[in-house]
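# Reading the structure
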Amino acid sequence: MTTDHVEPAVPGGECEREPDPSDSLRTFGAVVQALREHAGLSRVQFGELVRYSKHTVESVELGRRMPDASFVERAEEALGNTGALRHSARFLTRGDAGLAAWFRRWARLERTAVSLGTYECRLVPGLLQSEGYARAVFETRIPPLSGEQMEAQVAARMERQGLIRELPNTSFSFVMEECIVQRPLGGEHVLRDQLDHILDLARLRNVSVQVMPTRTVSHEGLDGPLALLETPEGRSLAYSEGQESGRLIADPKQAAVLHRRYATLRAQALTPHDSVGLLERIRGEL
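These lines cover the structure that appears in this document, whether it is placed above or below. (Residues numbered from 1 in each chain as written. Predicted model: local features only at pLDDT ≥ 70, side-chain atom pairs only at ≥ 80, totals over all residues. Heavy atoms only, no water.)

Turning to the nonpolar core, a few remarks are in order. One broad trend across soluble globular proteins is that nonpolar side chains are buried collectively. Of all hydrophobic cores here, the largest spans 39 residues; its most connected members are Trp-106, Leu-128, Phe-172 and Val-209. Ranked by the residues each element gives to this core, the list is headed by helix H10 (residues 188-202), at seven residues. Core analysis: the second largest hydrophobic core is formed by 16 residues, Leu-41, Tyr-52, Val-72 and Leu-79 among them. (Core = buried A, V, L, I, M, F, W, Y, C linked by side-chain atoms within 4.5 Å. Buried < 20%, exposed > 50% of the residue type's maximum accessible area, 1.4 Å probe, protein only. Helix = DSSP H or I, 4+ residues; strand = E, 2+ residues; numbered from the N terminus.)

Structure representation (C-alpha cells):
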C-alpha cells in the first residue's frame, strides 16, 4: 500500500455488504445460548447474573460481539463452571460485522497502530462514544435501521472501543469541537453518561482529549473530520470520511500534510487539562 486507495461506495455493490460475524464468534455464541437455555434462563435473567444488558447477551449469542474476559468468567460461573467457555474463548477471532465496508481496512490498521489521532466536528468520536450515545446516533440513521442492524452497529462500535484498554502502549489523541459536547443528542441523560464516559477515558495515561473552543480565531480543521495513525514501521497514514464514503490516504506526502495540520489543530485547541475542566463544568450544569 504505497499510493492512495479509495474504496468506493457503490449502491447495491460488493462494497456495500457488511461482512458476516466470524465463525468462531458465531460458534461461541451458539454454545452460550445452548447452555443458557439448558439452564432455563432468559436473556434478561442471564444478563442479571453476568451483569451485562440483555442487548449485550443477545449480541454475544448471535456472534456480533467479542465477549470480554469478565463476560466469559461470569458466564462460566452462571452456567455450570464446566470450563467449556473459558477454553473456547481462547480461539475467538474478531469479526467486522457492523463496520461500514469502506471503514474496515482502517479498523484493521487501528489494531496494530502505535499512535492514533482523531479530529471530529460532527459528533463524539466513535472510540469515545458511550453505548447510549452510539444508540442515539444510529437511531437517527436514514434510511432507518432494523432492530438487528441497530444492535450489530452498536455492538461493533462498543467492540472497537476495546482498543483503548487493550493497547495501553498506543497513544490515543482526540480533538473535538465544543458544540459536540454541548449537544444533548438522545437527551440530557445520554449526554450526562457520555460526558462521564469521556472523562473516565481521559484519565487513562494513553489517552488525550482536547476541546476546540467555539469562540476561536484560528482553526486548522475547517476541511472536516480527520483520522491519523502511525504504524509500527513508522509509516504515517490518514483517513477521511464523508457521507456514505471513506478514503484511506497512504501517499506519504499527502499523509504528512494532514499530520502537520493535526499537530497545529492540537496546538489551537484547549490543553488536555483545560479540556477536562470544561467537560466537568458542562457535566455539572446538566
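Empty space within the second largest pocket amounts to approximately 530 Å³. In terms of lining, the second largest pocket is formed by 21 residues, of which the most central are Arg-65, Asp-68, Met-158, Gln-161 and Gly-162. Broken down by secondary-structure element, the contributors of at least two residues to the lining of the second largest pocket are helix H3 (54-61), helix H8 (147-166) and H10. If you tally residues by element for the lining of the second largest pocket, the top one is H8, at seven residues. (1 Å grid on protein atoms, 1.4 Å probe; cavity = no way out; pocket = protein on both sides within 12 Å on 5 of 7 lines; lining within 4 Å. Points joined across faces, edges and corners; volume = space filled by probe spheres on them.)

Following the sequence through the fold, His-219 ends up in the loop between strand S4 (207-212) and strand S5 (226-230). As a C-alpha pair, His-219 and Arg-266 span 47 residues in sequence and 9.9 Å in three-dimensional space. Those residues in contact with His-219 that lie beyond four places of it in its chain are Tyr-119, Glu-177, Met-212, Leu-265 and Gln-268. A distance of 3.5 Å separates a polar atom in the side chain of His-219 from a polar atom in the side chain of Tyr-119. Separated by 2.9 Å, the side chain of His-219 and the backbone nitrogen of Gly-221 make a polar contact. (Contact = heavy atoms within 4.5 Å. Polar contact = N/O pair within 3.5 Å; in protein donor to acceptor, adjacent residues only side chain to side chain.)

This brings us to the pattern of salt bridges. Tallied over the entire structure, the rule returns 13 salt bridges. Among the salt bridges present, the one from Glu-58 reaches Arg-43, with a minimum N-O distance of 3.7 Å. Here Arg-43 lies in helix H2 (residues 43-50) and Glu-58 lies in helix H3, a separation of 15 residues in the sequence. A salt bridge links Arg-135 to Glu-131; its shortest N-O distance comes to 3.2 Å. Separated by four residues within a single helix, Arg-135 and Glu-131 lie in helix H7 (residues 131-139), roughly one turn from each other. A relative accessible area of 16% places Arg-135 in the buried class. The structure contains a network of salt bridges with shared partners spanning Arg-36, Glu-37, Arg-43, Glu-58 and Glu-61. (Salt bridge = Lys/Arg side-chain N within 4 Å of Asp/Glu carboxyl O.)

A separate point is the packing of H10 against helix H12 (residues 272-284). Viewed as axis vectors pointing N to C, H10 and H12 meet at an angle of 155 degrees, and their least axial separation amounts to 10 Å. Relative to H12, H10 is oriented roughly antiparallel. At the point where H10 passes H12, the crossing takes the left-handed sense. Of the residues in H12, those touching H10 at Arg-192, Leu-195, Asp-196, Ile-198, Leu-199 and Ala-202 are Val-276, Leu-279, Glu-280, Ile-282 and Arg-283. (Axes fitted to C-alpha atoms, helices over the stretch in contact; angles between N-to-C directions. Parallel < 35°, antiparallel > 145°, perpendicular 65-115°, else oblique. Left-handed = near helix turned anticlockwise from the far one by under 90°.)

Looking now at H10. Turn by turn, an α-helix covers 3.6 residues, leaving residues three or four places apart pointing in a common direction. For H10, spanning 15 residues, the distance from its first C-alpha to its last is 21 Å, which sits close to the expected 21 Å at 1.5 Å a residue. Turning to H10, its buried residues are Val-190, Leu-191, Gln-194, Leu-195, Ile-198, Leu-199, Leu-201 and Ala-202. Buried positions in H10, seen along its axis, are confined to an arc of 165 degrees and lie on one side of it. Elements in contact with the buried residues of H10: H7, H8, strand S3 (171-177), helix H9 (178-182), S4 and H12. (Expected span 1.5 Å × (residues − 1). Arc of directions from axis to C-beta.)

Another point: unusual backbone geometry. Here the residue pair Ile-142 and Pro-143 is connected by a cis peptide bond, since its omega of 0 degrees sits within 30 degrees of zero. Its place among the elements puts Pro-143 in the loop between H7 and H8. Of note, Arg-51 is a non-glycine position whose phi angle comes to about 65 degrees, a positive value. Inspection of the secondary structure puts Arg-51 in the loop between H2 and H3. On the basis of relative accessibility, which here comes to 58%, the residue Arg-51 falls in the exposed class. A positive phi angle, close to 55 degrees, is found at Asn-81, a residue other than glycine. Here Asn-81 lies in the loop between helix H4 (69-78) and helix H5 (84-89).

By themselves, these observations are geometric and do not establish any function.
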